[in-house]
Amino acid sequence: RIAGEIKTLLTDGLVPPKHAKRADNYLIYALIAGKKALADAGITEQVSGELNKNRCGVLIGTAMGSMRALKDGIDAIKISYKKMSPFSVPYSMTSMASAIIAMDLEWMGPNYAISSACATSNCCILTAANHIIKGDADLMLCGGSDGVIIPEGIAGFIACNNLSRRNSDPTKASRPWDSDRDGFVMGEGAGVILLEELEHAKRRGAEIYAEFMGGSFTCDAYHKSESRLDGLGAVACMEKALTNSGVSREDVNYINAHATSTRVGDPREFKAVMHCFGQNPELRMNSTKSMTGHLLGAAGAVEAIATVKAIQTGWIHPNINLENPDKDVDTRVLVGPKKERLDIKVAMSNSFGFGGHNSSILFAVHK
């Protein structure tokens, strides 16, 4: 009966009325986050007019898409096909967030969506970076968005036995690695970042928060909703991310973990991380989900932003509700109940999803 719901949403004139009336929350969240990312990056109307829009792309994914649009369509067809909205199909398409933002900006570069459960955002970010590396684009807006806090969405995850039942104490419900955890708290929202080719960013005097180093994807090929017992899929993903980015494992001293607060997933990810980085005495790890809940397809992008902010500020956020650590974790690695100072060399952000989708991406200080 609990969720990390956005109760009051200020659109600040960022959502055109035609979408504000009809669009699902996940589209509205993506629009707002995308436009705020552009504003933060100094892409004003004047700057936008000077860009080569054939070399500007959008890659914003979603795990669940618009469940509400589908539900409304199903309800309508029960009455009559004439009751169907002409927006039912367009607004339920998983690629529509990218498309709507591109239409608004007139950006004509790469434009599509990736849907890989809770690994969606990381897949979008890494693929967007690869478009820049290949020379397809100079700028890419990328990330993820989800908004399925509706009866059908909540009931579906309850049926999967994934959600916390700590209804009487909701602020304590999301508790990654705590021995009293009983499932994740559904969240909603969007995370969008602007990736930009380095020389292009320098020419326009952009403020560079961090350098994207690279990453990797793998698949567990094991179970619809659980990670592998042996952690091989997650280990392979982190190892390949290091190889692909040319980063030394000794330089990775911060992990923003996937850690959703489930009984099975948390210790398996911890074990996989320690297999890869356990020899580093400086290693610190936290879970943004302890404070936001699990944003599904948007989680990776929101956590990538938390990771970049940690690099920028030198502060890593706490693991709240970690009161009785699980016996299978080492508390010397986990951040405690208060934020900590850390001089981050290289940071890794993990996202693992239903279907065995694994993704790891790496950021570092731009020198």
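Structural data are supplied above this passage.
Residues numbered from 1 in each chain as written. Predicted model: local features only at pLDDT ≥ 70, side-chain atom pairs only at ≥ 80, totals over all residues. Heavy atoms only, no water.

Caption draft 1: Representation of helix α7 (residues 120–134) within the structure. For α7, which comprises 15 residues, the first-to-last C-alpha distance of 21 Å matches the rise-based estimate of 21 Å (1.5 Å per residue) to within 8%. A large share of α7 lies buried, amounting to twelve of its 15 residues. In the stretch just after α7, G135 is the one whose phi turns positive, near 90 degrees. (Helix = DSSP H or I, 4+ residues; strand = E, 2+ residues; numbered from the N terminus. Expected span 1.5 Å × (residues − 1). Buried < 20%, exposed > 50% of the residue type's maximum accessible area, 1.4 Å probe, protein only.)

Caption draft 2: Here's a closer look at the sheet that holds strand β4 (residues 189–196). A sheet is described by the order of its strands in space; here four strands give the open sequence β2-β1-β3-β4, paired in mixed fashion. Here the strands that pair on one side only, and so sit at the sheet edges, are β2 (111–112) and β4. Examined bridge by bridge, strand β1 (residues 56–61) and β2 share two bridges and lie parallel to one another. Counted as the bridge partner of L59 is Y112 from β2. (Pairing = 2+ DSSP bridges.)

Caption draft 3: Looking closely at the nonpolar core. Counting 32 residues, the largest nonpolar core has L27, W107, L141 and L194 as the members making the most contacts within it. Listing elements by their share of this core, those giving two or more residues are α2 (25–40), β1, α6 (96–105), β3 (139–146) and β4. If one sorts the elements of this core by residue count, α2 sits on top with nine residues. Counting 30 residues, the second largest nonpolar core, distinct from the first, contains C123, M140, I316 and F363. (Core = buried A, V, L, I, M, F, W, Y, C linked by side-chain atoms within 4.5 Å.)

Caption draft 4: Quick peek at the packing of α7 against helix α13 (residues 299–313). Between α7 and α13, whose axes approach to 5 Å, the crossing angle comes to 65 degrees. As far as their axial angle goes, α13 and α7 are roughly perpendicular. In this structure, α7 contributes S121, N122 and I125 to the contact, and α13 contributes A299, G300, A301 and A304. (Axes fitted to C-alpha atoms, helices over the stretch in contact; angles between N-to-C directions. Parallel < 35°, antiparallel > 145°, perpendicular 65-115°, else oblique. Contact = heavy atoms within 4.5 Å.)

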